[in-house]
Amino acid sequence: MQEKKKPQEFKQVSISEFFEKNRHILGFDSLQRALFIMVKEAVDNSLDACEEHGILPDLDVKISRISGDIYEMVVLDNGPGIERTQVPKAFGQLLYGSRFHVMRQTRGQQGLGITAAILYGQITTGEFSHITTKRPVDDVAYHFEMGIDIKNNVANIKTEEPVIWKAEHGTEVRIRAKGKYITGRQSIHEYLKEVAVVNPNARIRFTDPDGTAITFERSIEEPSRQSKPVKPHPYGLEVGELLSLASESSNRNMKELFVENFSRISLNTASEILEKSGVDPEMRPAALERAEAERIISTISEVKLMPPSAESLSPISEQFIRVGMLSVYGDERPGFYGKPISGSVRIHKGNPFSVEIGMVYGGELPSDQPARIIRYANKVPLLFQAGSCAITEAISETDWRQYGMEQKQGKGVPYGPAIILVHVYGPKIPYVSESKEAIAPVNEIVEEIKNVLKAEMRQLRRFNNRIERNKKMGEKFRLVSKIIPEIAKKSSEILKLEVPDYRRTMSKIANVVFVREEVENEDKKKSITSVINYTDDTVSFDLKIVFPFREVDIKIENLGSAETYSYEEGLDQVKGNYTGAEYFVTGINPVLVQGAEELPADWDLKGVEVNEQE
Ligand SMILES: Nc1ncnc2c1ncn2[C@@H]1O[C@H](COP(=O)(O)OP(=O)(O)OP(=O)(O)O)[C@@H](O)[C@H]1O
């Protein structure tokens, strides 16, 4: 007798159940990665929250080993805190967040991160997590011991109680989970160090499982620039997205739907697009059919619309990169700090993005190893999946030999004493996976990174040329300044005359304007710049001094032959090793100047800015 086949069973799974079985999708695929991602998610949330509220971040991160491979992570911030009723949703429900529906650049986007970490802790230890949070408007803080009801994707609250907290505002997240603590390039320590580079306005304290504490101190007292939320741009809109938007819309007609849901669309433009597509602008959105949606999408690609607004972008900023690299990499004693360069606003699939690059070079950085590439997306360091990332692709496709670095057959990561920071940012960066560890190598992004890299590296070529030129000029000047005083001394001895003022003679022979820096260290360090006119003429020119932390513009007027001009700058804000200032001149023949460069013509040029008018 034939056995009766059981009917196939279909069952819906909750998102939490799905995650329980597929945790690798969010990066929890090994014990060390799991611990790393927990810290990353909590720290990113803290920084996002501080940035949104203009707070200078103060973070305390602690990892301790409980037993065997069970660790506890505690991340405490001084952020705005979370409203009590929001806590179960924000921390106990996957895909719940404040950012998913907003077109704006933030570190977190999907509403998955910290909840996934709590769920991972629950799965691997059976323990609940602890959240304590306080807002300035509340008299007390609220403490939650909570996990996740996996079947229903909602919070499972064990306790919720008011507690007295010392801080005025902030949030503490404490999760126990299975993990492995490692040191090295892909460690929590390295992650926090790279976070410190691009957040010089944050103070970040880290205590490792041995109890060793390290603090990345704040070196700028300025809140980070916030991005503004903007509506999506219609370039890049897909047929399915338009259809579902229309079916759920409460707008009265199609033209209103376009004006209210997208940026850069006026009533006139909306009517024009719809009429060109053969769709009545007064039609009810729910009546939109697939063929009509297809025609609208194809018309949009033909209509010239204003590009997306750059307001949704939040760069790290030139100043923050400069100061951050100085305070974190200063101890490695590089010889040269490149001026950080940012590109213009570009578009990928209707979404704006931009690229910033910073570099330190030479000095005591190792020259026999691959250059260190520090990748960032929306201010978050990317430590994994380098091989699949747009940044690595752009670096590999650049010919570095022209900048004096070694590179096998002109391809791949270059070798040389360099740390290169690349930041790609925008409200919708395409990542290769949900764990957001690499930027998808789409053409527009790779090409823009290459462009900005070229501009940054041009400085390196100038730096190398300058060193060469200064060496030659220095030799000549040293000889002249040694020989002339000796001749003056000897001849006056023979003639039994007083030693004459030989500076004019020296000027005649040397014929240079000499710029030099001395660093004095009394109570506090200071830099003294001297400009000595060893030419026969009176000179006037502009001098730009670029300190690693700021730029100064000086007008030098009527500096007579053999006269000296001095400028002093305090160096008390410099942490670690001070690598010296760079000097640039305009308004004088640069051949006459030793110790300064001609100011490059593109010094202050910004990329093509997007017009901001609607
Ligand atoms: N330390 C914090 N301070 C204030 N709000 C927080 C904090 N941590 C989390 N939140 C809130 O909880 C929400 C959920 O966080 P979660 O990490 O799950 O997602 P996300 O950061 O929005 O996105 P992603 O999954 O891309 O990280 C956040 O959107 C934020 O509103």
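These numbers were taken from a predicted model, which means no experiment stands behind them.

Undergrad: Hey, could you run me through unusual backbone geometry in this one?
TA: Across residues other than glycine, the phi torsion is negative in most instances, and most of the peptide bonds are trans. The backbone of N153 shows a phi angle near 50°, a positive value even though the residue is not glycine. A positive phi is found at R333, a non-glycine position, where the angle reads about 50°. By the element assignment, R333 lies in the loop between α10 (318–329) and β9 (336–337).

Undergrad: Before we go on, may I ask you to explain the confidence of the model for the protein in this structure?
TA: Should the pLDDT be low somewhere, the predicted coordinates at that spot are not to be read in detail. Per-residue pLDDT for the protein has a mean of 86; in total, 91% of the residues score no lower than 70. Confidence drops under pLDDT 50 across residues 605–614; counting only partners more than four residues distant or on other chains, this segment forms 12 contacts. As a predicted assembly, this complex carries a pTM of 0.78 together with an ipTM value of 0.96.

Undergrad: Honestly, the packing of helix α6 (residues 239–248) against helix α9 (residues 290–302) in this entry has me stumped. Any pointers?
TA: The relative placement of two packed helices is expressed as an angle between their axes plus a distance between the axes. Interaxial distance between α6 and α9 falls to 9 Å at its minimum, and their mutual angle equals 120°. Compared by their axis directions, α6 and α9 come out oblique. α9 is crossed by α6, and the crossing has right-handed handedness. For the pair formed by α6 and α9, the contact residues are V239, L242 and L243 on the first element and R290, A293, E294, I296 and I297 on the second. A per-class count over the contact of α6 with α9 returns 6 nonpolar, no polar and 2 charged.

Undergrad: Hey, could you run me through the sheet that holds strand β22 (residues 593–594) in this one?
TA: Two orientations exist for strands paired in a sheet by backbone hydrogen bonds: parallel and antiparallel. The sheet built from 4 strands is open, its strands ordered β20-β17-β16-β22 with mixed pairing. With one partner strand each, in any of the chains shown, β20 (564–570) and β22 form the two edges of the open sheet. Where strand β17 (residues 525–534) meets β20, 7 bridges bridge the pair, whose relative direction is antiparallel. Paired with I532 across the bridge in β20 is T564.

Undergrad: Help me out: how do you make sense of α9 in this one?
TA: For an α-helix, the turn length of 3.6 residues means that residues three or four places apart are oriented alike. Its 13 residues place the ends of α9 19 Å apart at the C-alpha level, agreeing with the 18 Å of an ideal helix rising 1.5 Å per residue. Inspection of α9 places E292, A293, I296 and I300 among the buried residues, and these make up the whole buried set. Taken down its axis, α9 places every buried residue within 100° of arc, on the same side. In this structure, α9 carries R290, A291, S298, S301 and E302 as exposed residues pointing more than 90 degrees from its buried face.

Undergrad: For this particular structure, what's the right way to read the packing of helix α8 (residues 267–276) against α9?
TA: Running from amino to carboxyl end, α8 crosses α9 at an angle of 120°, the nearest separation of the two axes being 8 Å. Taken as axis vectors, α8 and α9 run oblique relative to one another. Pair α8 / α9 crosses with right-handed handedness. Between α8 and α9, the contacting residues are I273, L274 and K276 on the first element and I296, T299 and I300 on the second. Across the contact of α8 with α9, the residue classes break down as 4 nonpolar, 1 polar and 1 charged.

Undergrad: I tried to follow the pairing of strand β19 (residues 551–559) on my own but got confused; where do I start?
TA: Looking along a regular strand, one sees the side chains alternate between the two faces of the sheet. Relative to β19, strand β18 (residues 539–546) runs antiparallel, the two sharing 7 bridges. Bridged to V539 within β19 is L559. Here β18 hands over to β19 after 4 residues, the two strands then running antiparallel side by side.

Each value, and the rule that gives it
In every chain, residue numbers begin from 1 and rise along the written sequence. Totals for whole chains, interfaces and linings use every residue, but because this is a predicted model, local features are given only for residues with pLDDT of at least 70 and side-chain atom pairs only at 80 or more, for both listing and counting. Working definition: helices are DSSP H or I runs of at least four residues, strands are E runs of at least two. Numbering for both runs from the N terminus. Per residue, pLDDT captures the predictor's confidence, and it can take any value from 0 to 100. Here, residue contact means that the backbone-derived C-beta atoms of the two residues sit within 7 Å. Axis lines are fitted through C-alpha atoms, for helices just across the contact stretch, and the angle between N-to-C directions can take any value from 0 to 180 degrees. Small angles under 35 degrees read as roughly parallel and large ones over 145 as roughly antiparallel, with 65 to 115 read as roughly perpendicular and the rest as oblique. Less than a right angle of anticlockwise turn of the near helix away from the far helix marks a crossing as left-handed, whereas a clockwise turn marks it as right-handed. Residue polarity follows a fixed list, in which Ala, Val, Leu, Ile, Met, Phe, Trp, Tyr, Cys and Pro are nonpolar, Asp, Glu, Lys and Arg are charged, and the others, Gly among them, are polar. For two strands to pair, DSSP has to find at least two bridges joining them. Under the convention used throughout, the expected extent of a helix is 1.5 Å for every residue step, that is, one less than its residue count. Every C-beta atom is placed from the backbone, and the number of other C-beta atoms within 10 Å of a residue's own sets its class: buried at 20 or more, exposed at 12 or fewer, partly exposed in between. Our arc is simply the arc of the directions from the helix axis toward the C-beta atoms.

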